[in-house]
Structures are given as C-alpha cells and as structure tokens.
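Letter by letter, the chains look like this.
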Amino acid sequence: MRPATLLLPALVSTFAPGATGQQQAPPATRGEFIEGLVLDVLGDPIPAVEVRAERAGAASVRSHGDGDGRFRLRLPEGSAELSFHRRGNTVARRTVRPATRSPVLCVVLEDAADLRGRVLDPDGAPVAGARVLATAMGFRTDTTTAADGSYHLTALPLRKLNLFALGAAGRAEQRLGLRADGRADLTLGGTAGRALVLVAGLPPDPNRTPHLRVFGPDPMAALDGGRTALRADATAELRLQTSCLASLEAPGYRTEPDTLWLRPGSNQQVNARPTDLPAITGKLRWLGGGPAIGLQVVLRDRSGQVLATAITGELGSFQALAKLPRNLLEAAGAHVGIRLGAGAMIADGERTFRDGCCWVPCDPTQPISLQLEPAATLRQRLVDGRGEALAFAEVTVVDRQHGADHRPLLSAWADGDGRLDLDLPTGALRLLAVSPRGGVLTAEWQANAGSEGPVWEPVRCGDVEGVLSDAAGEGVPGIEILVASVALQVGGNDAAVRQSAVVRTDRGGRFRCRGLPIGDWTLATLGDEVRANGVFAAQEGVLARVGLRVGE
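Quick caveat, the model's predicted, so the values are computed rather than measured.

*Asks:* Even after reading the chapter, I still don't get the overall build of the protein, so can you show me in this structure?
*Replies:* What the protein contains, in helices and strands, is 2 helices and 47 strands. Counting all 552 residues of the protein, 53% fall into the buried class. Residue pairs at least 24 apart in sequence account for 62% of intrachain contacts in the protein once pairs closer than 6 positions are excluded. Per element, the accessible surface of the protein, about 24,300 Å² overall, is 48% carbon and sulfur.

*Asks:* Teacher, can you tell me more about the environment of Gly289 here?
*Replies:* Considering the arrangement of structural elements, one finds Gly289 in the loop between strand E25 (279-286) and strand E26 (296-300). Gly289 sits 83 residues away from Leu372 along the chain, and the two C-alpha atoms are 9.3 Å apart.

*Asks:* Help me understand the pattern of salt bridges in this model?
*Replies:* Between side chains of opposite charge, pairing is possible as soon as their charged atoms come close. All chains considered together, the criterion is met by 30 salt bridges. Between Arg231 and Asp233 there is a salt bridge, with the nearest N and O atoms lying 4.0 Å from each other. Looking at Arg231, the relative accessible area reads 40%, which means it is partly exposed. Arg504 is the partner of Glu480 in a salt bridge, and the nearest nitrogen-oxygen pair spans 3.0 Å. Of this pair, Glu480 sits in strand E42 (residues 480-485) while Arg504 is found in strand E43 (residues 500-504), placing the two residues 24 residues apart along the sequence.

*Asks:* Would you mind going over the sheet that holds strand E44 (residues 510-517) with me for this structure?
*Replies:* Strands in a sheet are paired, the pairing made by backbone hydrogen bonds, and the direction either parallel or antiparallel. Spatially, the 3 strands line up as an open sheet ordered E44-E41-E47, and their pairing is mixed. Strands at the two margins of the open sheet, each flanked by one partner only, are E44 and strand E47 (543-549). For this sheet, the mean inter-axis angle between neighbouring strands, taken without regard to orientation, is 20°. Relative to E47, strand E41 (residues 461-469) runs parallel, the two being bridged by 7 bridges. Across the sheet, Gly466 pairs through a bridge with Val546, a residue of E47.

*Asks:* Looking at this structure, I do not really get the sheet that holds strand E8 (residues 104-108). What am I missing?
*Replies:* With mixed pairing, the 3 strands of this open sheet are ordered in space as E5-E2-E8. A single partner strand is all that each edge strand has here, and the edge strands are strand E5 (70-74) and E8. Sheet twist, expressed as the mean angle between neighbouring strand axes with direction ignored, is 25°.

*Asks:* I tried to follow the side chain of Asp121 on my own but got confused; where do I start?
*Replies:* Position of Asp121 among the secondary structure elements: in the loop between strand E9 (112-120) and strand E10 (131-136). We note that Asp121 is buried and unpaired, the nearest opposite charge coming from Arg118 at a distance of 9.5 Å. Engagement of the side chain of Asp121 in a polar contact is seen with the backbone nitrogen of Asp123, the distance being 2.9 Å. When neighbours within four sequence positions are excluded, Asp121 is seen to be in contact with Val127, Ala169, Thr187 and Leu188.

*Asks:* Where do I start with the pairing of strand E24 (residues 267-274) in this structure?
*Replies:* Along any regular strand the residues' side chains alternate between the sheet's two faces. With 5 bridges connecting them, strand E17 (residues 193-200) and E24 associate as parallel partners. Note that in E24 the partner of Leu198 across the bridge is Gln269. Sheet topology note: the strand E22 (residues 253-256)/E24 ladder contains 4 bridges and is antiparallel. Residue pairing across strands places Glu256 opposite Asn271, the latter belonging to E24.

Thresholds applied
Numbering of residues begins from 1 in every chain and follows the order in which that chain's sequence is written. Residues qualify for local features only when their pLDDT is at least 70, as the model is predicted, and side-chain atom pairs are given and counted only at 80 or more; totals for whole chains, interfaces and linings, by contrast, use all residues. With hydrogens and water excluded, all non-hydrogen atoms of the structure serve as input to the side-chain values. Strands are runs of DSSP state E lasting at least 2 residues, helices are runs of H or I lasting at least 4, and numbering of each runs from the N terminus. Each residue is placed in one exposure class: buried if its accessible area under a 1.4 Å probe, protein chains only, is under 20% of its type's maximum, exposed if it is over 50%, and partly exposed if it falls in between. It only takes one pair of heavy atoms within 4.5 Å for two residues to be counted as in contact. Accessible surface area values rest on a Shrake-Rupley calculation with a 1.4 Å probe, where residue burial reflects the displayed protein chains alone. Any Lys or Arg side-chain nitrogen located within 4 Å of an Asp or Glu carboxyl oxygen qualifies as a salt bridge. Criterion used throughout: strands pair if DSSP finds at least two bridges between them. A fitted line through C-alpha atoms serves as each axis, taken over the contacting stretch for helices, and the angle formed by two N-to-C directions is quoted from 0 to 180°. The charge count treats Lys and Arg as positive and Asp and Glu as negative. His and the chain ends do not count. Polar contact is defined as a pair of N or O atoms within 3.5 Å, subject to the rule that within protein one atom must be able to donate a hydrogen and the other to accept it, and that residues adjacent in sequence are counted only when both atoms are side-chain atoms.

Everything listed is a geometric property; what it means functionally is a separate question.
The structure is reproduced here in structure tokens:
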C-alpha cells in the first residue's frame, strides 16, 4: 500500500465562522485578483470593509467590500499582506503567496474597542517613548507613548487582555477585560534588567542590517518579531524580565557560541566568524521513476520568510543556496516547500501540508528525495437542494484510505459562485461543504486521475442562537463556545457529517451557529475565564434558542 498523498498546490482554509486561531491565506497567482467574504462573529456579512493589499516596496492597493460583505481586489505581484479594516471591529491580516490557483478568502472580524491611558514613572511623572503592548490568544498590538505619557491602542478584541509597558524606569503589567472603550493607566516599577551584547568581528557594511533574534517567554522581548538591530558600535541593548535565548542574524556570519543565553542585567561579548552558506540539494521524480523537470522549490523558515528558490533540472535535481548560515538554518527549523504545477502531488504521507506546499524538514547535510504522482482534479459548482449556489462554502476533505483517525487532509473555499477547483489525492475521499448561510453538502468519492467529480447530497440541518450572560444578566463578549454533536462525544468519527464548530460571542454576548445536522448538541465555553454549558436539539429548518449563564 502506498503512503498517504498530500495535495499541492491548493486553497488553504482561513479563519472562518466556527474556526479558531489565525491561519494563513491561500496561495495567489501572480498579479491576479483575490475575492472573498467578510463576516462578523454571528456569521452575518459586514458591509463596506476596507481591504488593503500591501507588498514591501510597492504602493498599497485598496478596495471596499459591498453590502453583502463580498470584496474583490487585484493583488500586487509576489507575496502580499491583506488587511481588513472597519471601525468597531478588530483588524484581520492574511499573507497571500504566489501559486497557481485563484485565491478565495473568508474572514471573520471580532467586535472591538479602544483603550487609552498614560504610562507614569514611580514618582507619577509621565514617561515618553515607553512601549505599550496588548496581547491575547492569537492577538498582539503595540504602540509608543507620546510626550505626555499617553497611549492609544485601537481595535482590541473584547476579551481578556494582558497589558504591558516598558520604559527606562522599569516595566508594568496589568490584566483586564474590555466590554467597551476603556482606560488603563500604568505605573512603571520593579526591574527590567538591562542586557548588553557586543558582537565583535563584523566588518562595516551599509547594505547589511545585522540583528539579534530573541526567543523566550518574555512578551516585551518578542516585540518587533524578537529582533533587536545592532547599533553602530556593534552592540545591542535589551531589557528583559526573564532569561532568553538569542542568536545573531547576519548573512554570511555566525557567532561563537551559536546560541546566546541572555540574563537580565548581564553583559556579553561574542565573536562573529564568516561561515559558508549551505546548499540545499535534492531530487524530485515521478512515482514511475521519471524525473520531475521544471518545478519550483521554495525554501522558507517557520515565519514564512523565503530563504532560497530553485528550479528542478533535466534529472529532477535542484540546488538552492540558503541566505542564512547553517547554524541559523538549523535553529530556525527551516523547511523546504515544494510548490508544483496543477495536477501533481507529493506521494508521501509523512510530510506536512501547509500554505499550498509540502513542507519537508531541512537538513543541509542530507539531500531531499521526493516522489510525485498525478492528482485527481475536482472542478465542480456546489448547489443546494433548491439549486442555489453555496457561495464561499468551506470544503473539508478527508483521505479515508490513508488518513489517520479521519483527520481532515485539507480545507478549501468555494468561490462566490460556489465553484471549486482543486487537485486532490487519489483514493477514497470524504468531503463536507458548509455554507456561511448554513447549507451543508456531503459526498463520498473514489478519486482517480481523470475521474468524474463526486455526487453531493444535502444534509438536513437546523441553526442555534443564544446569549451568554454573567450573574448580573449582562452579556459576556468575546468568549469562544464549542458546539458539539452528542454523537461525537460517544465515539462517532464520521467526518462526512459536521460534528463540531466553534463560535464567539459578540459585544452583547450573543452567539449563533448555522448548518447543524439534526440531532442532539451540547454547548460549552472554551478557556478558563468563563464556564457555562447547555444542551439543545437541532431540528430541520428550526432556529433553536439557548440561554447560557456563567457558572451554571
């Protein structure tokens, strides 16, 4: 039996109603359009959202969504960052990278509020130039105080936040929960140990911007991506609350030792030494043994930064010269992303699929060898029982033949007309399509290269909505709620029928979930901040109403 296959390239699922966390946007064809849908946490379209597409060194492109929450935007060539802005909501950001499929995006914006305040020193005097950082699960933003010590943070999610301030007089921390625009003053104190690092041996180079990359639990040290640029005297100054690891990022140079252990209040001197840039080599071949010619190999680190690219030659071999020295390449956990043209797959179930690529752990001392095989192509238009298109439906694919524990192989989005255009692994597949409006389709497909698409069947569903309130009867915003089928809790693992979803309460504590197959369901808040539970029965075409109260 051959190993499980992993698709590439394909559309990658993004943050959607019922999903958690921040995910990457789908790949994008060079200079093409991207289309999508913007929703609030209740699953309703948000009109007139401003969408910006930006690329380093290029002018930004802007567009406004229509009254149905849809947008369409021409992308700048190459990778671009999309951001979605609307007063009263958080800002969502997605990175779009070049590939061969037209990208489709569905984005949910949380309700938000602003926070103002002042940063003061222990004597009550305002502190100018202090850094203020707000963090929550999957969210972080920062700013710098003005001359009068004031700060203004915008578009903060309505949930529990950690607030930090750092200045010459020390640091301050506070935990707060926003339900509307608020204010929080911070007084610096305690210790924020000064750590000074001197890097000797780096020759002056105006084109090089060496910096220290800090790794550790201190959120203030992680500002600016954890990067602290070396000053003109080759020193870097950090203020740390806890000990952290750091490494030098300077192309062509490494330090001795490779990794630095920084402690609050410590001073260190390290020597930089020239180092050869490692060559990543490998070979791609088809399952039958023939070489895979003319395919692009992209080397990226875990942050998505492109380190090297190459094209396979006549024998399917490639060589990519990395921009980082060997020690940083290994420390960063770099992976090789193999991005193929339409109709090809990686025939290896041990690899990780993400961002339209198969990601292979990178070892500069070992060549990479991968086998490819033809893909099964799925090009269909999804329609419900009434003949209406499932616009922007999320499609989940499970590889039944080779998948472990029926976990999804990938997720993708239909476009605004309900059309799918995917390459999928051959074999027995199970598919589930869920529309933002609540329509659900399912299909079983024996996928083969050149085979006809699956026959989709509608699933009878109902909806649920309710309010999460506290002991005083006020709605609790920003809380995630797991909606789970009782069948899932008793050991069911049939991925053809939707069995769970995650929704979030709005600023009034309201929540809603559409497209739940008929049967018994439970509700439970996620996280440790708020605890509430409930039950309900989903009935065809019926909107169930449930009230949840904290502590019950």
